[in-house]
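Each chain is listed here by its residues.
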Amino acid sequence: PRAAFAAPVPSRSHLAVIVQTNFQLVAYTSSELHVSMLGLFCEVRGFVRMPNVVFFHITRDSVKSAFKLGIEAAQVLRFLRMHAHPRLRTGNSPSGEPM
């Protein structure tokens, strides 16, 4: 348990994402590139930024905008799974795949 507290600070290239049940997306990152990538399918008006965390909302309109840019739903889901916060990766989804 103490090893978690002794873990080094994530590198600048690290991204850990949590999507909450209210579709708020919490992204642990300090990278401008990550913020820009999330802005492709998240609401960028009214997002909150702190030094190592950014809060967005995923809305119907933000997803429709992504679709208009040629981004597919499967790509968004793959991105979110790939960058899921490590604590979420240990759970299983109803389909049996890692979340």
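For the structure, check the block above.
Residues numbered from 1 in each chain as written. Predicted model: local features only at pLDDT ≥ 70, side-chain atom pairs only at ≥ 80, totals over all residues. Heavy atoms only, no water.

With reference to specific residues and values, describe the overall build of the chain.
Check the secondary structure of the chain and you find four helices and four strands. The linear arrangement of helices and strands in the chain, starting from the amino end, is α-β-β-α-β-β-α-α. Considering the chain as a whole, with its 99 residues, one finds that 28% of them fall into the buried category. Partitioning the contacts of the chain with sequence separation of at least 6, the portion at a separation of at least 24 is 37%. Accessible area for the chain stands at about 7,200 Å²; split by element, carbon and sulfur atoms hold 61% of it. (Helix = DSSP H or I, 4+ residues; strand = E, 2+ residues; numbered from the N terminus. Buried < 20%, exposed > 50% of the residue type's maximum accessible area, 1.4 Å probe, protein only. Contact = heavy atoms within 4.5 Å. Areas by Shrake-Rupley, 256 points an atom, 1.4 Å probe, with all protein chains shown as cover.)

Describe the sheet that holds strand β4 (residues 53-57), naming the residues involved and giving the relevant values.
Strand order across the open sheet formed by four strands is β1-β2-β4-β3, with antiparallel pairing between neighbours. The open sheet terminates on both sides in strands that have one partner only, identified here as β1 (16-19) and β3 (43-49). Neighbour-to-neighbour, the strand axes of the sheet open up by a mean angle of 20°, direction not taken into account. Across five bridges, the pairing between strand β2 (residues 24-28) and β4 is antiparallel. In the strand pairing of β4, Gln24 is matched with His57. (Pairing = 2+ DSSP bridges. Axes fitted to C-alpha atoms, helices over the stretch in contact; angles between N-to-C directions.)

Provide a residue-level description of the packing of aromatic side chains, including the pertinent values.
On inspection of all chains with the given rule, the structure shows two aromatic pairs. Look at Phe41 and Phe79: their rings are 5.8 Å apart centre to centre, the planes differ by 75°, and that puts the pair in the edge-to-face class. Taken as a pair, Phe41 in the loop between α2 (32-38) and β3 and Phe79 in helix α4 (residues 73-82) lie far apart in primary sequence, 38 residues in all. The residues Phe41 and Phe79 share a single accessibility class, namely buried. Each ring, one from Phe47 and one from Phe56, has its centre 5.1 Å from the other, and the planes form 20°; the classification is stacked. Classification of Phe56 by relative accessible area gives buried; the value is 2%. (Phe/Tyr/Trp six-rings, centres within 6.5 Å; stacked < 30°, edge-to-face > 60°.)

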